[in-house]
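The chain contents come next:
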Amino acid sequence: LLQNVRVQAIVGPQTSTQAKFLAELGNKSTVPIISFSADCPSRSGLTPYFIRTAWNDSSQAEAIASLVQKYNWREVVPVYEDDDDTNIKFIPDLVDALKQVDTRVSYRCKIHPSATEDDMKTAISNLKQNWTSVFVVRMSHALAQKFFQLAKDEGMMAQGFVWITAYGLTDIFDVVGSPALDVMQGVLGVKPHVQDTVELQNFRQRWRKKYRLENPGTSLSEPTVSGLYAYDTIWALALAAEKAGFVNSDFRPSLTKNVSTDFDRIDTSKAAEKLRGALLKVLFFGISGKFHIKDMQLVSSNYTIINVVGQERREVGFWTPGSGISGSPKMKSDLNTIVWPGYNETAPTAPRGWLFPTNKNLTIGMPVKPGFEEFVRFENGKATGFCVDVFEAVVKELSYDVPRHYEQFGDGEGSSNGTYDELVYEVYLKRYDAVVGDITILANRSSYVDFTLPYTESGVRMLVPVQDRRQKTAWTFLRPLTADLWLGTGAFFIFTGFVVWSIEHRINQDFRGSPASQIGSVFYFSFSTLVFAHREQILNNLSRIAIVVWLFVVLIVQQSYTASLSSILTVEQLQPTVTNLEEVVRNGGNVGYLNDSFLPGLLKRLKIDESKMIAFDSPVEYDEALSSGKVAVIVDEIPYLKVFLSKYCQKYTMVGPTYKFDGFGY
């Protein structure tokens, strides 16, 4: 071609296959290859003579990812035609963009261009069996119309589903018209934003008149965005040719000799290379917007988000590189009302992004826990226990039904089929959809499954025996008061009696008599005030004042003594036998832990010798081991220790630091 016809530019490759061949041809001949639809044939960018006068697909991928992020959809399934046009660049760009907003692409649905109706039904059935209900579609118009018709027949254009079309397919509504609109109700589409200018309106009028004259009965009402790109591309090429000036054909013969193909004998053109340089510098405002080539493609700008409602394509929002998703291209605002698939008017909320697969019944695994059945147990085919009760309470609060059945991870005879780590890994292997039980959230488990938020107190502590430090003897009644207080109280008894006697014995017959009788009266009177039983009559007011003060003191001492003695005799002063693991290590004691748990790893990190670790299965075994001295402490998670202490609180207590963990999760 280039040997017989001395061209200086080639316009028009529309598929990646065509673009790949012509790009290599352009590299050989230094002739620019210009396309307003085909994607770049190489992701590495090693095509210096291939110029794409259409917007970058990677920016379209960012727009779709922003839309997905706005509604917090966590998984998306791309549905695309399995050919070079869509697979070469857009899908990898889309996956990368979704990854940036923490959205996964767990499954990809490829539809071959020559797929039969049965092939497409099989693909749609696979999509329907998947949890994800958010789909990004990019394929040819003819294939897309068949696909959406079958999807509608299979009930996948109903409530709960989300369909987003990438540009390249979004203009199907302009090209196909009503047949496409009928089967794509509620679909969201992304297309480049074109400012509605006077020049564009005049162009549309001229285009309609000419196109309808040449194509009577057509359903196409206005030019597509790709058509606008084509129009601006020809203008840009004309401006570049004018800038480069008229240059005679100057193809230079190839320097390669003794070649076997015409492709290797292609001549090069200095004029074409000059035209390419001029085209890359062209800058003007065309009917599609600003025309400026950078990195061998048109500089991307804004995108419009449309929503198919009835026979209308409503503009519901825009995407800009700076503001992301918004209701206006000039300022940040909420999106306009979106009518989702399956609704005739505004839905109360946006679809949540996932649905239960048809006829799907969740299989929920349960651990075997013979020792601590308060958490989870399986009796007569029914799951019960604290963990199950919490899970069931949460499920009942959901606004939708969750079909489910429980399966025990055991041999049916009370023994487990493996460790808790192995049980959790069963979810990763998809043998279980979820696991409900006393499953601790750990970093190594979170690397291959997702956990809910914890629903129990977190942490690991020690369980140790306690001893009553107070020894009760016949002299216990002396312990409420110290020796100094006993001596001081006795001295004041004698002193008070002496003061009253010295005042009263001159005028009061009760305080007279022989010296022995008077000494006896002093002691008897003082001690009888303890129980307020003194019978001597007091005549002097000074004596009465002294006695009132003394009785007040006696009342306070008596009540304090009674309270302290009652506490000593009735309340045990329990003290732990061990306060920290370092003490256990120094004394060479054994450490117990719950069998089939993650605790051996923790104990090793705490420098506990493996030979000193003993596993137990139940609270009864805990009690026997601690009571007999088989182990000095039990190290376990707080929820288990609380269950144990609810039965044995008189003999044991929790002590030591709390080693933080994330608690139980589903």
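Note that the coordinates shown come from a computational prediction; the quantities given were computed from them, not determined experimentally.

Attention shifts here to the side chain of Glu637. The topology assignment puts Glu637 in strand β26 (residues 633-637). Buried charge without a salt bridge: Glu637, with Arg445 as the nearest opposite-charge side chain at an N-O distance of 7.0 Å. Every residue in contact with Glu637, bar those within four places of it in the chain, is listed here: Thr440, Gly459, Val460, Phe598 and Phe664.

As a further point, take the UniProt feature "transmembrane region" (unreviewed entry) in the chain. Here, the residues flagged by UniProt with the feature "transmembrane region" (unreviewed entry) are residues 485-503 and 545-561. For the annotated span residues 485-503, helix accounts for 100% and strand for 0% of the residues, and the straight-line distance between the end C-alpha atoms is 27 Å.

Most of the time, phi is negative for any residue but glycine, and the peptide bond is trans. We note that Asp102 has phi near 60 degrees; this positive angle belongs to a residue other than glycine. Summarising the element assignment, Asp102 is placed in the loop between α4 (90-100) and β5 (109-111). We note that Asp596 has phi near 60 degrees; this positive angle belongs to a residue other than glycine. Examined against the element boundaries, Asp596 turns out to sit in the loop between β24 (591-594) and α19 (599-605).

A separate point is the sheet that holds strand β15 (residues 312-320). The sheet built from eight strands is open, its strands ordered β5-β4-β6-β7-β8-β14-β15-β16 with mixed pairing. Where the open sheet ends on each side, the last strands, each with one partner, are β5 and β16 (324-326). Pairwise comparison of adjacent strand axes, ignoring direction, gives a mean angle of 25 degrees for this sheet. Two elements, strand β8 (residues 188-192) and strand β14 (residues 303-309), share five bridges in a ladder whose sense is antiparallel. Residue Gly189 lies in a different strand from β14, and its bridge partner there is Ile306.

As a further point, take the nonpolar core. Among soluble globular proteins, nonpolar side chains are generally buried collectively. One finds Ile64, Ile164 and Leu279 to be the most contacted residues of the largest nonpolar core, which totals 59 residues. The biggest single contributor to this core is helix α10 (residues 225-244), with eight residues. Here this core gathers at least three residues from each of two domains, domain 1 (10-54 + 227-298) and domain 2 (57-166 + 176-199 + 300-326). Grouped together as the second largest cluster of nonpolar side chains are 35 residues, Phe375, Cys387, Tyr455 and Val643 included.

Here we take up the pairing of strand β7 (residues 162-165). A two-sided burial pattern is seen for β7, the buried positions comprising Val162 and Ile164 on one face and Trp163 and Thr165 on the other. Bridge count between strand β6 (residues 134-138) and β7: four bridges; the pairing is parallel. Along β7, the bridge assignment pairs Val134 with Val162. Handedness of the β6-helix α6 (residues 141-153)-β7 crossover: right-handed. Pairing of β7 with β8 involves two bridges; the strand directions are parallel.

With that out of the way, let us pick up α6. In a regular helix each residue adds 1.5 Å, so 13 residues correspond to 18 Å; α6 covers 18 Å between its end C-alpha atoms and thus fits that length. Taken residue by residue, α6 has Leu143, Ala144, Phe147, Phe148, Leu150 and Ala151 as its buried positions. Along α6, the residues classed as buried sweep out an arc of 160 degrees about the axis, all on the same side. Relative to its buried face, α6 has exposed residues pointing more than 90 degrees away, namely Ala142, Lys146 and Asp153. Once α6 ends, the next one or two residues include Gly155, with phi positive near 80 degrees.

As a further point, take the packing of aromatic side chains. The geometry of two aromatic rings is summed up by the distance between their centres and the angle between their planes. Counted according to the given criterion, the structure contains 32 aromatic pairs. When the ring of Phe135 is compared with that of Phe161, the centres are 6.4 Å apart and the planes differ by 20 degrees; the resulting orientation is stacked. On the criterion of sequence distance, the pair formed by Phe135 in strand β6 and Phe161 in the loop between α6 and β7 is long-range, its members being 26 residues apart. For the pair shown, Phe135 and Phe161 are each scored as buried. Pairing Trp207 with Tyr211 gives two aromatic rings, centres 4.6 Å apart and planes at 10 degrees, and the pair type is stacked. Placement of the pair is Trp207 and Tyr211 together in helix α9 (residues 198-214), with a separation of four residues, close to one helical turn.

One key point about sheets: their strands pair by backbone hydrogen bonds, in either a parallel or an antiparallel sense. Read from one edge to the other, the open sheet built from three strands follows the order β20-β17-β21, with strand pairing classed as parallel. One side of each edge strand has no neighbouring strand; the edge strands of this open sheet are β20 (404-408) and β21 (434-435).

This brings us to the pattern of salt bridges. Across all of its chains, the model carries 13 salt bridges by this definition. The partner of Arg204 in a salt bridge is Asp196, and the shortest N-O contact between them spans 3.5 Å.

It is worth spelling out the packing of helix α2 (residues 57-70) against α4 at this point. As a packed pair, α2 and α4 sit with axes 8 Å apart at the nearest point and diverge in direction by 40 degrees. As far as their axial angle goes, α4 and α2 are oblique. The handedness of the crossing between α2 and α4 comes out as right-handed. Every residue of α4 that contacts α2 at Asp57, Ser58, Gln60, Ala61, Glu62, Ile64, Ala65 and Val68 is listed here: Phe90, Asp93, Leu94, Ala97 and Leu98. Taken together, the residues of the contact of α2 with α4 sort by class into eight nonpolar, two polar and three charged.

What counts and what doesn't
- Residues numbered from 1 in each chain as written.
- Predicted model: local features only at pLDDT ≥ 70, side-chain atom pairs only at ≥ 80, totals over all residues.
- Heavy atoms only, no water.
- Helix = DSSP H or I, 4+ residues; strand = E, 2+ residues; numbered from the N terminus.
- Buried < 20%, exposed > 50% of the residue type's maximum accessible area, 1.4 Å probe, protein only.
- Lys, Arg positive; Asp, Glu negative; His and termini not counted.
- Salt bridge = Lys/Arg side-chain N within 4 Å of Asp/Glu carboxyl O.
- Contact = heavy atoms within 4.5 Å.
- UniProt positions renumbered as here; feature names shortened; annotations may be inferred.
- Pairing = 2+ DSSP bridges.
- Axes fitted to C-alpha atoms, helices over the stretch in contact; angles between N-to-C directions.
- Core = buried A, V, L, I, M, F, W, Y, C linked by side-chain atoms within 4.5 Å.
- Domains from an automatic or database assignment.
- Right-handed = clockwise from strand over helix to strand, strands pointing away.
- Expected span 1.5 Å × (residues − 1).
- Arc of directions from axis to C-beta.
- Phe/Tyr/Trp six-rings, centres within 6.5 Å; stacked < 30°, edge-to-face > 60°.
- Parallel < 35°, antiparallel > 145°, perpendicular 65-115°, else oblique.
- Left-handed = near helix turned anticlockwise from the far one by under 90°.
- Nonpolar A, V, L, I, M, F, W, Y, C, P; charged D, E, K, R; others polar.

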